[in-house]
Amino acid sequence: MNWQNGLALVYIVIRILGSLVAAQRHPSEPAKYRQLPSLREQVGILDGWRDERIARIPQLLEKYNVDAWLMSQREYAEDTIWWSIKDAIEYAPHRRTVILFHTNTSSLAGQPNPLRWTDNTGQVWPELCSVLQSFDPKRIAINVDSNSAFGGGLHVGEWEVLQEELGEHWVARFVNEPMIGIEFVATRVKGQLEYYKLMQETAWALIEEAFSERVVQPGVTTTEDVEWWYREKMQYLNVSNWAHPRVSVLVPESFPGWEGTKDIIQEGDLLHVDFGITAMGMNTDTQHMAYVLRTSEGEQDVPQGLKDGLRKANRLQDINLEKMKAGKTGNEVLTECLEQMKKEGIEGQIYSHAIGDWGHSAGAVMGFTNLPTNVPFLGELPLLPDTYYSIELYAYHFVPERNETLRFRVEEDAYWVDHEHEWEWVRGRQERFHLVNWTTPREHSVFRLQIP
């Protein structure tokens, strides 16, 4: 064998070993509850991220050929964008709060960006008109889009006031450019990832504890008991949630409806949870499955048919990530995924979405549960770099031990890896079932919050 052939063989071996390692993404160690900075410390961190994001807005305005971005809102009638531009200790805009972002050019070069007025006397309007008169923006974006919450947050009452106070001259320059709000909210900053990984590990730790004999006693514990355990435990951990945890026993009829919820958990059940935590202005979204061992019959492992179903769902996750490329639209990625699924004989559905400031955040979607092949508007948006995504899907698989076909539903969060120009799992992904291994009664009631 000459040295060129030897080198080629080494390369092939490295590629094979790399593929085997990449296929094993389930963390090797149990998750731990991770402590975030104190609320007081978080203020400086959150405001720093906010300032970094806002500093990008002039470039964003230029990208979409807009000179200024105008928002007007009142307390309890906030623009959706407000929650991503406010100070960390602000809970609502005071009185009427008017925000004007600009391109840092002409008469506004070197001026605060944004310009901000808080007013309930009407004085804001002549001052705003004076600024506009000297700046003379040709295109002023306002958030009136009918398809996106992140480009359509201007309330009707504020829209009417803007028309009345600014007059036809400036109203004629208003434009609807929803991608400004979408891209601003969607884009992450590097400092967030460190804390997002801590949040994700805490989410896994919650699942690992909830789907264990510490919380579940077969024949006694209900799925609702576990849901409320999540809520109480999250409160103890000083994190919140953006949707109530949904715990169910998976049966063929359990999706997309509510079959399998409000059940008493029994041995042999396949459990599922869909939940996310909220902290530091960010959100997670995770779906995992667990198996309740039939310990009364001596069962010690998950039936092979269930393992095969999870493996098929993992392959579908691979396909979704492989097809995701910045610049492609959500529908393009979805179409490519469906074509690959057909080639590999995988039946299932993909409905992945952006995540970040919101649980269902700004950005392209790849399918909806009720729109499995094409999504108007949101599916037509491009995938953006520096964003987080929730890879949400299911794969059908026939389980011979049960003589039934089940949906294996999984969801994991992924982040943008800049030097590789692709997305990677934040913590990993579920590749083996959580196990409820109830063998002997525990000292304390499973219905009470278990504090280590």
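Above this text sits the structure in question.
Description of the structure in this document. Here the structure is a predicted model, which means the values were calculated and not measured. (Residues numbered from 1 in each chain as written. Predicted model: local features only at pLDDT ≥ 70, side-chain atom pairs only at ≥ 80, totals over all residues. Heavy atoms only, no water.)

**Some thoughts on the pairing of strand β11 (residues 286–292)**
Of all seven residues in β11, seven are buried, a share of seventy percent or more. Side chains Thr 286, His 288, Ala 290 and Val 292 project from β11 onto one buried face, and the interleaved Gln 287, Met 289 and Tyr 291 project onto a second face that is buried too. Judged from the six bridges that link them, strand β8 (residues 270–275) and β11 form a sheet pairing that is antiparallel. Within β11, the position partnered with His 272 by the bridge is Met 289. Bridging between β11 and strand β17 (residues 434–436) involves three bridges; their strand directions are parallel. Across the sheet, Tyr 291 pairs through a bridge with Leu 435, a residue of β17. (Buried < 20%, exposed > 50% of the residue type's maximum accessible area, 1.4 Å probe, protein only. Helix = DSSP H or I, 4+ residues; strand = E, 2+ residues; numbered from the N terminus. Pairing = 2+ DSSP bridges.)

**Comments concerning the packing of aromatic side chains**
Using the criterion set out here, one finds twelve aromatic pairs in the structure. Centre to centre, the rings of Tyr 196 and Tyr 388 are 4.7 Å apart; their planes meet at 25°, and the pair counts as stacked. Of this pair, Tyr 196 sits in helix α8 (residues 191–210) while Tyr 388 sits in strand β14 (residues 388–399), and the two are 192 residues apart along the sequence. By relative accessible area, which is 4% here, Tyr 388 ends up buried. Each member of the aromatic cluster is reached from another via a ring pair, and the members are Trp 69, Phe 101 and Phe 184. A cation sits over an aromatic face here: Arg 53 above Phe 184, 5.2 Å from the ring centre. Over the face of the ring belonging to Tyr 388 we find Arg 188, whose NZ or CZ atom lies 5.8 Å from the ring centre. (Phe/Tyr/Trp six-rings, centres within 6.5 Å; stacked < 30°, edge-to-face > 60°. Lys NZ or Arg CZ within 6 Å of the ring centre and 35° of its normal.)

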